[in-house]
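Chains, contacts and geometry: an overview
Listed here are the chains, written in short residue letters.
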Amino acid sequence: MPTELPYAADAEISLTYDELEVLRLQYEKELAQSHVTVQTKFNYAWGLVKSPMRDHQVEGVRLLQDIYRTEPTRRRECLYYLALGHYKMGNFTDARSFNDLLLSREPTNLQAQSLASLIDKGVAREGYVGMALAGGVAALGTLLVAGLIRRATRK
């Protein structure tokens, strides 16, 4: 009997404006005091990555990458949200890289497995859009060539 993987709910559920604002204010308060804790930075990055706004996602990924580089003990918890952030921005190659790294460490991580499925669907969707655009360009090119030939034969 097949079981459904738990959906990578973070892909579609955002924080409210007020919830994100609490995280932002805490981050900015600590930033003004010249000492941002790793937990505060992670919490704010997490909230930004979950946002539907691309600028927020970009900033969240940047903060997570900073944590990933500077805090080796926190890398594991950054991997999923780095993958999620890149997925939400449409950077499927980077999303897959981070998610595959997480799955290599935790092959039974159901959220990462679910996110892998979403990434695969995003890649397929992007491929279909690319094929549709290429088909449209080819059709337009054919019409232009046919029009030029028709015009040349009338003269």
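Throughout this document, residue positions are counted from 1 along each chain, in the order its sequence is written. Only residues with pLDDT of 70 or above have their local features reported here, since the model is predicted, and side-chain atom pairs are shown and tallied only from 80 upward, although totals for entire chains, interfaces and linings are computed over all residues. Computation of side-chain values covers all heavy atoms of the structure but excludes hydrogens and water.

A look at the overall build of the protein
So the rule is basically this: In this description a helix means any DSSP run of H or I spanning at least four residues, a strand means any run of E spanning at least two, and both kinds are numbered starting from the N terminus.
When helices and strands are tallied, the protein shows six helices and zero strands. The N-to-C order of helical and strand elements in the protein reads α-α-α-α-α-α.

Here's the deal with the packing of helix α3 (residues 54-70) against helix α4 (residues 75-89)
Counted only if it meets this: Under this scheme, a helix contributes an axis fitted over its contacting stretch, all axes are lines through C-alpha atoms, and angles between N-to-C directions fall in the 0 to 180 degree range. When an angle is under 35 degrees it counts as roughly parallel; over 145 it counts as roughly antiparallel; between 65 and 115 it counts as roughly perpendicular; any other value is oblique. The handedness criterion is simple: a crossing whose near helix is rotated anticlockwise from the far helix by less than a right angle is left-handed, and one whose near helix is rotated clockwise is right-handed. Should any heavy atoms of two residues lie within 4.5 Å, those residues are counted as being in contact.
Where α3 meets α4, the closest approach of the two axes is 9 Å, and the angle between their N-to-C directions is 155°. The angle between α3 and α4 falls in the class roughly antiparallel. As α3 runs across α4, the sense of the crossing is left-handed. Here R54, Q57, V58, V61, L64, Q65, I67, Y68 and R69 of α3 lie close against α4, whose contacting residues are R75, C78, L79, Y81, L82, G85, H86, K88 and M89.

Brief notes about the packing of helix α2 (residues 38-50) against α3
Under the convention used in this document: Three classes are used, and their members are as follows: Ala, Val, Leu, Ile, Met, Phe, Trp, Tyr, Cys and Pro are nonpolar, Asp, Glu, Lys and Arg are charged, and the others, Gly among them, are polar.
At their nearest, the axes of α2 and α3 sit 7 Å apart, and the two run at 150° to each other. The element α2 and its partner α3 pack so that their crossing is left-handed. Where α2 abuts α3, its residues V38, K41, F42, Y44, A45, L48 and V49 lie against H56, Q57, E59, G60, V61, L63, L64, D66 and I67. In terms of residue class, the contact of α2 with α3 is built from 10 nonpolar, three polar and three charged.

What to know about the layout of surface pockets
The cut-off we apply is this: Site definitions follow a grid-based scheme: protein atoms alone, a 1 Å grid, a 1.4 Å probe that fits but cannot get out for cavities, and for pockets an open set with protein on both sides within 12 Å along at least five of seven lines, plus lining residues having an atom within 4 Å of a point. Grid points are joined across faces, edges and corners, and a volume is the space filled by probe spheres set on the points.
The computed volume of the largest pocket comes to approximately 170 Å³. If you go around the largest pocket, you meet 14 residues; those closest to its centre are Y17, L20, S51, M53 and H56. For the lining of the largest pocket, the per-class residue count stands at seven nonpolar, four polar and three charged.

Things to note about the nonpolar core
Our working rule: In plain words, nonpolar cores are sets of buried Ala, Val, Leu, Ile, Met, Phe, Trp, Tyr and Cys residues tied together by side-chain atoms within 4.5 Å. Relative accessibility under 20% of the residue-type maximum defines a buried residue, over 50% an exposed one, and the middle range a partly exposed one, all with a 1.4 Å probe and only protein chains included.
Counting 32 residues, the largest nonpolar core has Y44, L64, C78, L82, L84, Y87 and L115 as the members making the most contacts within it. Elements with a minimum of two residues in this core: α1 (17-32), α2, α3, α4, α5 (92-105) and α6 (110-154). With nine residues, the single largest contributor to this core is α4.

A closer look at the pattern of salt bridges
Note the following rule: Salt bridge, as used here: a side-chain nitrogen of Lys or Arg that lies within 4 Å of a carboxyl oxygen of Asp or Glu.
The final tally for this structure, using the stated rule, is seven salt bridges. One salt bridge in this structure joins E106 and R76, with 2.5 Å as the shortest N-O distance. Of the two residues, E106 sits in the loop between α5 and α6 while R76 sits in helix α4, which places them 30 residues apart along the sequence. Beyond isolated ion pairs, a larger network of salt bridges with shared partners links E21, R24 and E28.

Regarding the environment of A11
Relative to the assigned elements, A11 resides in the segment before α1. Assessed through its relative accessible area of 11%, A11 is described here as buried. Note: C-alpha distance between A11 and L118 (107 residues apart in sequence) is 8.8 Å. Among all residues touching A11, those that are not within four sequence positions of it are L84, Y87, K88 and L118.

Structural notes on the side chain of E21
In plain terms, the rule: Nitrogen and oxygen atoms within 3.5 Å of one another constitute a polar contact, given that in protein one can donate a hydrogen and the other can accept it, and given that sequence-neighbouring residues count only through two side-chain atoms.
Inspection of the secondary structure assignment puts E21 in helix α1. In terms of polar contacts, E21 uses its side chain to reach the side chain of R24, at 2.3 Å.

A closer look at the confidence of the model for the protein
Our working rule: The quantity called pLDDT is the predictor's confidence in a given residue, expressed from 0 to 100.
Taken over all residues, the pLDDT of the protein has a mean of 86, while the share at 70 or more is 80%. With pLDDT under 50 throughout, residues 1-6 is counted as low confidence; its partners more than four residues away or in other chains account for five contacts.

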